[in-house]
Amino acid sequence: MPKNSSPNRRRFLAASLQASAAAVAAPYVITSKALGDAVTPPASDRIVMGGIGMGNMGSGDQGAFLGRPDVQYVAVCDVRQKWRDDAKGRVDEKYGSKDCAAYIDFRELLARDDIDAVHIATPDHWHSIMTIAACRAGKDIYLQKPETLTLREGPLMIQAARRYGRVVSGGSQRVLEDYRDIVNPCWAGELGTIKSIDLATGPRSMPCYLPAVATPPDIDWDLWLGPAPWEPYNPGRCDGNFGTGGNSWRSYIDYSGGSLTDWGAHNVGGTIFAAGLLSEQPTSVTWHPATNDGHEAAYVTLVYPSGVELHCNRPKQLWPGDTAATVSHERGIVIRGTGTSITPKPVPSYRGNGGIYGDFIECVKTRERPFRDIELCVNTMTAPHMVAIAQRLERSLEWDRSAQRFMNDEEANRLLDRARREPWTL
Amino acid sequence: MPFDTTTLDSPFAALAAFDWGADAAPLGVIDAAVVAAHGDAALTADLEKRLGAIISGASSRAAKDYACRKLSMIGTAASVPGLALLLTDPHESHMARFALERIPAPAAADALRQALGNVRGDLVIGMISSLANRRDAASVKPLAALLAGDAKIAAGAASALGRIATVDAAAALAAAKVQPGPVADAVVDARLACADALLAAGNRGAAKAIYEAVAAGIGDAPTTRRGRALRMAARSGVLAALDDTIGQAIRRGFITAWLAVALLVPMAHAEVVAPAPSATAKQAAESVLAAIAAGDADLRAVALERVRYGLHGTWFSEALVAKLPALDPRRQIEVLSALADRGDVAAVAAATSLLKSSGDADVRLAAIRAVGKLGRGADVPALVVALAGEGAMPAAARRALVDLSGPDAATAIRKAAETGSASSRATILDIVAERRDRGAVPLLVAAAGDDDAAIRQAAMRGLAAFGGPNEIPAMVASLEKSSGDERKAAELAIVRVCTSSRDAEAAANAAIASYEAADEASRQVLLPALARIGGPKVMAMIDAMLADPAKRPQGLDALSKWPDATVKDRLLELFGTAAEPKEKDLLLGTLIRIAPLPDNKLDDGQKLDLLVKTMALCQRNEDKAKVLERANAIRTIETFRFVVPYVDDPALAESACGSVVELAHHQKLRDAHKEEFTAALDKVLGITKNDELIERATRYKAGQTWNRQKKS
């Protein structure tokens, strides 16, 4: 029998925190499978997992974890009935039981003391609140990208991970897997010191003015919105999967950074990984307006502490002539270096087996930081967020990393974060 | 030129009447004006006044929502009174806060604080949240007063105090008298947040006191996951408060001390110059060493995190290393892993020693990893020995040799590639290639001519990765020495250098020069590789062969390997005149292969046109099936319409279904022609027996995506 949230979530807090104050063991039937076999570890060695946000990416992540013999999958959570039911169905089918719990409210899932780790694949506006709550609840987290919606969220998420000793992995499997054409030569020192990068980025998200439509009974619209401003239900707000042209939540500023952060998490992540900039954040973002004659579109340049310039959507006529010390990637990335070979560095690899998912599970076991540790994800996301702000304000900005603020630009600092709809707080 | 504010009259009139679903174009004019208002006090004031009229007027929720968003960007103290009036309205309160939270004027914080007493329920939590986001120190007292009230609000107030994190906030939390439950939980989290902030500000003593108080409150044996996480947080905090080595270290990079303290920034590979440890650092070290040896897994994890990212200086690495031999094997593994991440080479001798002497295979594996991260050239021999080990040892040793950094490491590995068994040398040559060690090119060139096939193949793999024109003669010589699968691999290695390397054109010319200088036997060996490289010179060679009946088969074979579709007309012409079925098969197969190639030689229309022509030439169903399977690389609706009718042909249905589904995978294409795709997917579901196609078709029909499983 799937567990549903209580009708009155306003009483939730008391109930959930009672659960967390005492040991709450969800029912777990000891079967012969609990003892394990040649392939499957005993139950006591398996990581107990649940999933929050079971749509497109969530169901894919679920499949990856559910398929592992060292994971015991016990719970799903989604505000949409169909995603919830389908996700529970996949688990029950895998284990040949009906034991998988299904929640509407993520707090109920996090309150379960038996769950070691969760994967989160909700729309972006929920990522920070859920991650911090999960850290407080003592869970490890696999979090889909883009990991943050605003600049202020990132440091708070890192703090929570470090404070509570949690393993928090971001979800861009492409960073290590898809950009070898640029990663390998850069890390091998073949380009020498990296000097400049040209990168194609997608558009940022936009306001949503879609008309109201009757809310269907199978979605908890208030909970779907969560901390985002209240706006009426319309399927175009919350459907559409990967669309960023106005037909899904990824298009809209209250829930997402648009293609700029969505694909940016991959492309920027892969690029700065190749260029050895993962531990850095830009020091400035320069706005280049379009020329009056229309020959050059507007673009943005980020500068990193090492002096590397990362140009986003710079018109090709402004690119320097190709040099021998250039590598490119089919996704619109060109990296240029000095050409004087430098000492190569070994390219990191995932821990464990099973790609980025295996890396996360291995780190849950060993308590090491994963390949896409949350801090590296936050550094990655700083770049597209800064691009978005520079684009909105149409001016250049300087970034103070230690203060996590823009220098001398009060208006830009207003855009570091946004007020969350009550009762949700960071 | 001053902004003409009369141009805003019409957009604001539209905004006053705006609701969700209405034409939003006028709002774009206001958006642009807001941007233009930067530095323009007059325009800002004008906009602010107009937006204020919207929020105080009778406009819709949507209009007020919009106005609040704009005021959040340019609003000043002048907007505060109007926004404050909305704070008590359950529909407008959040968006009023949206603006007030961002307006830096003290009046905005005053309004939020004042509203604490004027609102109820969740709206109070909203005010609290915004005051917390503003880090409003003046709110500490009123927030502290809320700790004794309604549980939900009290929990919110506690959280806010943790965000504000001043000394006063910490004191208020410490003094709070709360019952166990949600409020107590929030207070604990908030106290930890205050302690972290105090620590980051350099107030170690005050931070430590809070951590210790929290640790005492949690006790030594929490039974819940949350309790364990809190205990870890508190104990970790105590160690951080004691560990003053981070502030003393000199490091590369832009990370400042407070970030490093707060976030335990990795120190690996930094130039750490730390003076002798302080008494408190030593105290932290003793705690860490004790925890590592003890049975408490949580505290051990906290301690190992500190090993990785704190207690900087060789003095601690040496102290830890001294404990290694006496530790249980499980602990040795954990410590070796932590030392590897720590990055201090002082640990490498101990790791090497365990690699050689430990009786536990897992310890030796952990030691190998540590040597890989920390070692230098002198450690290569031990790792080479491990390459011949058992179980997981060879893979671990291989990884370690790839990871080994430092200039002398590369030299030592190259030297190791020149001695030992053929199998060992081949493995090390692959490692050299994976390291992309360009200094090893002469070594690879020499190895490419070795008498041992395994060594030759490894060398060619390396040269394929980063060889250039100068290496082509050696690669050609290796090709000539090879046979069977080795020859195929050698061919592809040469092709890769001649098409994908940075000096591809020069490399291709070098390959052609080798061909021209070679005897007939050698030319026959090299021709397939040249054909895969392509280009006008190679085409001229092939044309000459095709004109010679004795060499025609060789020329056709070469043509069948052509890398792009620029030869399509030649192929169609030859097909038309080919007498031998075998020739026709070869040409047909080539047409099918090149038509949809993802280069820019043909546009999508031309690619499809070629496939359609090729389909017309096919007599056998197996060839038609191949055409259908290749078609899905051309992602257009025209291709889709070409493939769909074949779903009804029983002999070709599965191939056609596969391509329909593959085309449907691409959401933009599918969404743009939803009805057609839905109808086709319905057909596929009624016909195919393939489970994966059924799953994919079902998902695409529902508007979902499908994640391709990467081949391992």
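Because the structure is predicted, anything quoted here is derived from the model rather than measured.

What counts and how
Residues numbered from 1 in each chain as written. Chains lettered and ligands numbered in written order. Predicted model: local features only at pLDDT ≥ 70, side-chain atom pairs only at ≥ 80, totals over all residues. Heavy atoms only, no water. Helix = DSSP H or I, 4+ residues; strand = E, 2+ residues; numbered from the N terminus. Buried < 20%, exposed > 50% of the residue type's maximum accessible area, 1.4 Å probe, protein only. Contact = heavy atoms within 4.5 Å. Areas by Shrake-Rupley, 256 points an atom, 1.4 Å probe, with all protein chains shown as cover. Pairing = 2+ DSSP bridges. pLDDT = per-residue confidence, 0-100. Expected span 1.5 Å × (residues − 1). Polar contact = N/O pair within 3.5 Å; in protein donor to acceptor, adjacent residues only side chain to side chain. Core = buried A, V, L, I, M, F, W, Y, C linked by side-chain atoms within 4.5 Å.

1. Examining the overall build of chain A
Per the secondary structure count, chain A includes 14 helices and 14 strands. Looking at chain A as a whole, 63% of its 426 residues are labelled buried. Across chain A, every contact between residues at least 6 apart in sequence was considered, and the portion connecting residues at least 24 apart equals 69%. When the accessible surface of chain A is totalled, it reaches about 14,900 Å², and 53% of it is carbon and sulfur.

2. Looking at the pairing of strand 8 (residues 284–288) of chain A
A regular strand places its side chains so that they alternate between the two faces of the sheet. All names here are of chain A. Across five bridges, the pairing between strand 8 and strand 9 (residues 299–303) is antiparallel. The residue of strand 9 that forms the bridge with Ser284 is Val303. Across two bridges, strand 8 lies against strand 13 (residues 397–400) in antiparallel orientation. Bridging across to strand 13, Ser284 finds its partner in Glu398.

3. As for the confidence of the model for chain A
Scored by pLDDT, chain A comes out at a mean of 89, with 89% of its residues at no less than 70. When the criterion is pLDDT under 50, residues 1–30 of chain A qualifies, and its contacts beyond four places in sequence or with other chains add up to 49 contacts.

4. Things to note about helix 7 (residues 106–115) of chain B
Of all the positions in helix 7 of chain B, only B:Ala108, B:Ala109, B:Ala111, B:Leu112, B:Arg113 and B:Ala115 are classed as buried. Buried residues belonging to helix 7 of chain B abut helix 5 (80–86), helix 6 (93–100), helix 8 (122–133) and helix 9 (140–146) of chain B.

5. Focus on the pairing of strand 1 (residues 47–52) of chain A
Residue and element names in this part refer to chain A. Taken across its six residues, strand 1 has six buried, putting it largely inside the fold. Burial along strand 1 is two-sided: the residues Ile47, Met49 and Gly51 and Val48, Gly50 and Ile52 are all buried. Sheet analysis places strand 1 next to strand 2 (residues 71–77), joined by six bridges and oriented parallel. The residue of strand 2 that forms the bridge with Gly51 is Val76.

6. A short note on helix 32 (residues 520–533) of chain B
Residue and element names in this part refer to chain B. For helix 32, built from 14 residues, the straight-helix expectation of 20 Å at 1.5 Å per residue is met to within 8% by its first-to-last C-alpha distance of 19 Å. Taken together, the buried positions of helix 32 are Ser522, Val525, Leu526, Leu527, Pro528, Ala529, Leu530, Ala531 and Ile533. Elements in contact with the buried residues of helix 32: helix 29 (472–481), helix 30 (484–500), helix 31 (504–517), helix 33 (536–546) and helix 34 (552–559). In this structure Asp519 caps helix 32, since a side-chain oxygen of it lies 3.3 Å from the backbone nitrogen of Ala521.

7. Notes on the sheet that holds strand 8 of chain A
All names here are of chain A. As summarised here, the arrangement of the eight strands in space is 11-12-7-10-9-8-13-14, forming an open sheet in which the pairing is mixed. Looking at which strands have only one partner, the edges of the open sheet turn out to be strand 11 (326–329) and strand 14 (405–406). Note: strand 7 (residues 194–199) against strand 10 (residues 309–312), four bridges, orientation parallel. Residue pairing across strands places Ser196 opposite Glu309, the latter belonging to strand 10.

8. Comments concerning the nonpolar core
Core analysis: the largest hydrophobic core is formed by 358 residues, its most contacted members being A:Ile335, B:Leu15, B:Leu47, B:Ile472 and B:Ile494. The contacts of A:Ile335, once residues within four sequence positions are left out, are A:Ile182, A:Cys186, A:Leu191, A:Ile194, A:Ser196, A:Ile197, A:Thr271, A:Ala274, A:Ala325, A:Thr326 and A:Val327.

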